[in-house]
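So you can see what is in the structure, the chains are spelled out below.
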Amino acid sequence: MPPRYRYEEIADDLRKRIEAGEFPPGSRLPSRRELTAHYDVSEPVIDRAMQILRVLGVTETLAGVGVFVRDSPGDA
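Computed from a predicted model, the values in this text were never measured in an experiment.

In this structure, what is going on with unusual backbone geometry? I would like to understand it.
A positive phi angle, near 55°, is found at D40, a position not held by glycine. In this structure, D40 sits in the loop between α2 (32-39) and α3 (43-55). Judged by its relative accessible area of 70%, D40 falls in the exposed class.

Here it is as structure tokens:
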């Protein structure tokens with residue numbers, strides 16, 4: 001298995017946490033600052049992870065408000 005980028009690992013971890021119900025549909029994910037502290041990475045790494053989740057249809061971003069779990073994760 002080839003090495004993975006840290007942002008891919010974070011996106012997978014967040015997706016699993018969402019699927020496990022830690023962040024139910026409609027809930028707001030932790031802030032960028034909280035995520036950078038939790039995963040001990042820089043903001044661009046968190047931004048890339050959030051981009052993956054958005055492209056997969058797991059989350060949606062409301063500018064200036066936050067990132068939220070979609071009501072139907074993966075049904076983009």
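How should I be thinking about the packing of α2 against α3 in this particular structure?
When two helices pack together, their arrangement is given by the angle between the helix axes and by the axis-to-axis distance. At a minimum axis separation of 9 Å, α2 and α3 run at an interaxial angle of 105°. By the angle class used here, α2 and α3 are roughly perpendicular. Of α3, the residues touching α2 (which contributes R32, L35, T36 and Y39) are E43, I46, D47 and M50. Considering only residue class, the contact of α2 with α3 consists of four nonpolar, one polar and three charged.

Before we go on, may I ask you to explain helix α1 (residues 6-19) in this structure?
Given 3.6 residues per helical turn, the α-helix brings residues three or four places apart onto the same face. Here α1 contains 14 residues, and its C-alpha end-to-end distance of 20 Å stays within 8% of the 20 Å for a straight helix at 1.5 Å per residue. Those residues of α1 that sit buried are Y7, I10, A11, L14, R17 and I18. Burial along α1 is one-sided: seen end-on, the buried residues are contained in an arc of 125°. Within α1, the exposed residues directed more than 90 degrees away from the buried face are K16 and E19. Where α1 is buried, its residues contact α2, α3, β1 (59-62) and β2 (66-69). One or two steps after α1, the chain reaches G21, where phi turns positive at roughly 95°.

It is not clear to me how the packing of α1 against α3 should be interpreted in this structure. Could you clarify?
α3 packs onto α1 with a crossing angle of 50° between their chain directions and a minimal axis gap of 8 Å. Judged on the interaxial angle alone, α3 and α1 are oblique. The way α1 lies across α3 gives a crossing that is right-handed. Judged by residue contacts, R6, Y7, E8, I10, A11, L14 and R15 of α1 engage V45, I46, R48, A49, M50, I52 and L53 from α3. Across the contact of α1 with α3, the residue classes tally to ten nonpolar, no polar and four charged.

Would you take a moment to explain the layout of surface pockets for this structure?
Rolled over the atoms, a probe sized like a water molecule indicates the empty space that remains. Empty space within the largest pocket amounts to approximately 250 Å³. Lining the largest pocket are 18 residues, and of these R32, M50, T61, G66 and V67 lie nearest its centre. If one sorts the elements of the lining of the largest pocket by residue count, α3 sits on top with five residues. Tallied by class, residues from the lining of the largest pocket come to nine nonpolar, five polar and four charged.

Here is what the cut-offs are and how they apply
- Here the residue numbering is sequential within each chain, running from 1 through the sequence in written order.
- Since the coordinates come from a predicted model, pLDDT governs what is reported: local features require at least 70, and pairs of side-chain atoms require 80 or more to be given and counted, while whole-chain, interface and lining totals use all residues.
- Computation of side-chain values: all heavy atoms of the structure, hydrogens and water removed.
- Secondary structure elements are taken from DSSP: a helix is a run of H or I of four residues or more, a strand is a run of E of two residues or more, and numbering for both begins at the N terminus.
- Buried means the residue's accessible area, taken with a 1.4 Å probe over protein chains only, is under 20% of the maximum for its type, while exposed means over 50%, and partly exposed covers the values in between.
- Convention adopted: a line fitted to C-alpha atoms gives each axis, helices being fitted over their contacting stretch, and angles between N-to-C directions are expressed from 0 to 180 degrees.
- In these notes the angle categories are as follows: under 35 degrees is roughly parallel, over 145 is roughly antiparallel, 65 to 115 is roughly perpendicular, and the rest is oblique.
- Whether two residues are in contact is decided by their heavy atoms: any pair within 4.5 Å suffices.
- Residue type decides the class: Asp, Glu, Lys and Arg count as charged, Ala, Val, Leu, Ile, Met, Phe, Trp, Tyr, Cys and Pro as nonpolar, and the leftover types, Gly among them, as polar.
- By this rule, a helix spans an expected 1.5 Å times one less than how many residues it contains.
- When we speak of the arc, we mean the arc of directions from the helix axis to the C-beta atoms.
- Note on convention: near helix rotated counterclockwise from far helix by under a right angle means a left-handed crossing. Clockwise means right-handed.
- A 1.4 Å probe that fits into a set of points on a 1 Å grid over the protein atoms alone but cannot get out defines a cavity; an open set with protein on both sides within 12 Å along at least five of seven lines defines a pocket, and lining residues are those with an atom within 4 Å of a point.
- Grid points are joined across faces, edges and corners, and a volume is the space filled by probe spheres set on the points.

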